[in-house]
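Listed below are the residues making up each chain.
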Amino acid sequence: MKRLFKRFFLRPELSAIIILLVLVVLFESLSGRFLTVRNARVILGVLPELGLVALGATMLMIAGEFDLSVGSVFAIVPMITALLARLGWNIWLAILCALLAACVIGFINGWITLQFAIPSFVTTLGMLFAVRSMTVVISGGFPPPFPENAPEWAFTEQLGIIRVSILWFVGFFVLATLLLRNSNFGNWMYATGGDPAAAANMGINTHRVKIVCFMMCSFLAGFAGLIQLFRLKSALPSLGVGLELEAIAASVIGGAALTGGIGSALGAVVGAALIRIIDNGLVISRVDANWFQFAIGFLTIAAVIFNAQLRKLARGMKVSV
Amino acid sequence: MNPATTPLIECKQLEKWYSGVYALKKVDFVLYPNEVVGLVGDNGAGKSTLIQILSGAHLPDGGEVLVEGQTVRIHSPKVAMRLGIETIYQYTAMVHTMSIARNIFIGREPMRWQVGGVGMLNQSKMRQEAVTAIRDVDLELRSPDALVGELSGGQRQGVAIARAMHFKSKVLILDEPTNHLSVKETNKVLRFVSELKQQQVSGIFISHNIHHVFEVCDRIVVMARGEKIAELVKDDTDIDTIHRLLDA
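Treat the numbers as computed from the prediction; the structure is a model and nothing was measured.

### So, the overall build of chain B
- On a plain count of helices and strands, chain B comes out with 8 helices and 12 strands.
- Here chain B has a C-alpha radius of gyration of 18 Å; the compact-globule value for 248 residues is 18 Å, and the two agree.
- Principal-axis analysis of the C-alpha atoms places the extent of chain B at approximately 55 × 45 × 40 Å.
- Every one of the 248 residues in chain B was classed for burial, and the buried ones make up 46%.
- Considering only contacts in chain B between residues 6 or more positions apart, those separated by 24 or more positions represent 66%.

Laid out in structure tokens, this is it:
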């Protein structure tokens, strides 16, 4: 029994799940309209965008780095897609090229960080500005029109209570979970983030592991941007402004450690869900929406403290797992 | 050639310099099957550089390394491990945030299937073999799922040694394995090391503590300022001699 508790307390996403349940009860009792099909539909419609970015950010954080440029990548991928479509490209080819560009940005982030041994905070902060600027420049100041006969069915079509985007989100979540928990590459990610020197001593090519994670993170941010393009039907150069901080907040709330080596895909999903639920819950409970950022800020700090305390509690339990 | 006399590792005239300063100056070093060699010397004597070359962290700038009579180029830790040389570093042997089972198999995971080197772990095999590996070095184990960060320093050394034994290493390099350990745990680690030979494993034992070196080693190599200044058979020397060499 005690053993079970300890295992449970050591899960990185535990505190986020507890907070999630508390908030669901709170918002439902405040508004009486939170737990309705209609509201679930609203939340699930917007969740995948932040969720996918958080998923990538969490995986990168597990490998010991992080990425502030995700918000800009989130904008440039829809922009490239729409521009190429306007030039008469096949829409699928345009999407493929745009996602490839995202991977290249991720590669550059990783390569510069590792080659020059500078903090990824600096590299990706620079990339945040550079890519945002590129997005505005290539747009020519006017957002390109949303491609005609774009395949909405593949991204955002409403299917009853859910949109297709949720299926993508669930798919990527399952893939990320398998990668982290059940693959050898996941083992290398945790080792690289947990102790890069020890991982290297065991023959892990930590640079390669990190670069792949940078690329996955950028890819998912771009893919999320694509989903927003299809939902809003407009490739604005300002998409995803501030998203990097929400994504990092989601990862951290979900139990990922900024120092690397700790985190889970489920944590990223719960962290992102929490942010979207607070956003939505405040509105339908008729709380002034300007409190949203306050709530996220408070929650980020509280979740990390809560997590640390739970871990300490678990460590103190004199029982082996 | 009689295989019993072919050295497991032979270094000839090894040289290494960092920004113009010698870290190793024409060092010869030999390790035979079934022996434990102690490597002693002050900080900056070249011990670390020597083991870093043998474990694939650095390439030498001059000289050559032979493993079982063959000239080799150990350009990465993977190559060293493939040659049967396993190094247990003082601080960076294990990832503390990971479980024992996962630590044992970092980089050498048993797989169910894989494509191009990446695939699905065989986790039940990992856990089972972790339990066996640890039992084989006489460590009272908790579950293979326990985090390495929760173990004591001595237990951690034990797990690292278990890992090396599990992968049938021929040479185990131990970097200050008794530092920061309690007396009881130190004795345990020393016992591990002295039992290596029963399992046909040779060892290189680096330590500041000459008493520990004397307890487990057959030969002692003394280094200073990047050079080998003495090589002594334990039975023909004593602790005072070594101390005098080190203080000189």
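### Some words on the interface of chain B and chain A
- Opposite the 27 residues of chain B that make contact, chain A presents 22 residues.
- Contributions of two or more residues to the side of chain B that touches chain A are made by helix H2 (77-82) and strand S8 (118-121) of chain B.
- Tallied by class, the residues present in the side of chain B that touches chain A amount to 13 nonpolar, 8 polar and 6 charged.

### What about helix H10 (residues 206-232) of chain A?
Residues and elements named next belong to chain A.
- Here H10 contains 27 residues, and its C-alpha end-to-end distance of 39 Å stays within 8% of the 39 Å for a straight helix at 1.5 Å per residue.
- By the criterion of burial, H10 is predominantly enclosed, with 23 of the 27 residues buried.
- Just downstream of H10 lies Lys-233, where phi reads positive at about 55°.

### Some thoughts on the sheet that holds strand S10 (residues 202-206) of chain B
Residues and elements named next belong to chain B.
- A sheet is described by the order of its strands in space; here 6 strands give the open sequence S6-S9-S10-S3-S11-S12, paired in mixed fashion. Sheet topology places strand S6 (85-88) and strand S12 (227-233) at the edges, where each strand pairs with a single neighbour. Strand after strand, the sheet turns through a mean of 20° between neighbouring axes, direction not considered.

### Topic: the confidence of the model for chain B
- Averaged over all residues, the pLDDT of chain B equals 91, while 98% of them reach at least 70.
- Both scores are available for the predicted complex, with the pTM at 0.94 and the ipTM at 0.92.

### With respect to the sheet that holds strand S4 (residues 62-67) of chain B
All names here are of chain B.
- With antiparallel pairing, the 4 strands of this open sheet are ordered in space as S2-S1-S4-S5. Whereas interior strands pair on both sides, the edge strands pair on one side only; in this sheet they are strand S2 (21-31) and strand S5 (70-72). In this sheet, adjacent strand axes meet at a mean angle of 30° when their direction is disregarded.
- Looking at chain direction, strand S1 (residues 9-18) and S4 are connected through 5 bridges and run antiparallel. When the sheet's bridge partners are listed, Ile-9 is paired in S4 with Val-67.
- Across the sheet, helix H1 (residues 47-54) touches S1, S2 and S4, and the angle it forms with S2 is around 60°.

### Some words on the environment of A:Leu47
Residues and elements named next belong to chain A.
- Assignment of secondary structure puts Leu-47 in helix H3 (residues 37-62).
- It is 19 Å that separates the C-alpha atoms of Leu-47 and Ala-256, two residues lying 209 residues apart in sequence.
- Excluding anything up to four places from it in sequence, Leu-47 contacts Phe-169, Ala-272, Ala-273 and Arg-276.

### Observations regarding the packing of helix H11 (residues 243-253) of chain A against helix H12 (residues 265-284) of chain A
Residues and elements named next belong to chain A.
- Where H11 contacts H12, the axes come no closer than 7 Å and their chain directions differ by 120°. Taken together, the axes of H11 and H12 lie oblique to each other. When the axes of H11 and H12 are compared, the crossing they make is right-handed. Contact with H11, carried on its side by Glu-246, Ala-249, Ala-250, Ser-251 and Ile-253, involves Ala-268, Gly-271, Ala-272, Leu-274 and Ile-275 of H12 and no other residues of that element.
- Among the residues forming the contact of H11 with H12, the class breakdown is 7 nonpolar, 2 polar and 1 charged.

Quick notes on the rules
- Residue positions are given per chain, counted from 1 along the sequence in the order it is written.
- Chains carry letters and ligands carry numbers; both start at the beginning, A for chains and 1 for ligands, and go up in the order they are written.
- Where local features are concerned, this predicted model is filtered to residues with pLDDT of at least 70; where side-chain atom pairs are given and counted, the filter is 80 or more; whole-chain, interface and lining totals use all residues.
- Secondary structure elements follow DSSP: runs of H or I of four or more residues count as helices, runs of E of two or more count as strands, with numbering from the N terminus.
- As defined in this context, the radius of gyration uses C-alpha atoms, and a globule is described by 2.2 Å times the residue total to the power 0.38.
- Backbone-placed C-beta atoms define the burial measure: a residue is buried with 20 or more other C-beta atoms within 10 Å of its own, exposed with 12 or fewer, and partly exposed in between.
- By the criterion used throughout, residues are in contact when their C-beta atoms, derived from the backbone, lie within 7 Å.
- Residue classes follow a fixed rule: Ala, Val, Leu, Ile, Met, Phe, Trp, Tyr, Cys and Pro count as nonpolar, while Asp, Glu, Lys and Arg count as charged, and any other residue, Gly among them, counts as polar.
- Expected span of a helix: the number of residues minus one, times 1.5 Å.
- By the convention used here, strands pair only if DSSP detects at least 2 bridges between them.
- Here, axes are lines fitted to C-alpha atoms. For helices the fit covers the stretch in contact, and angles between N-to-C directions go from 0 to 180 degrees.
- What pLDDT conveys is the predictor's confidence in a given residue, as a value from 0 to 100.
- Orientation categories follow fixed angle ranges, with anything under 35 degrees roughly parallel, anything over 145 roughly antiparallel, 65 to 115 roughly perpendicular, and all other angles oblique.
- Throughout, a crossing is termed right-handed when the near helix is turned clockwise from the far one, and left-handed when it is turned anticlockwise from it by less than a right angle.

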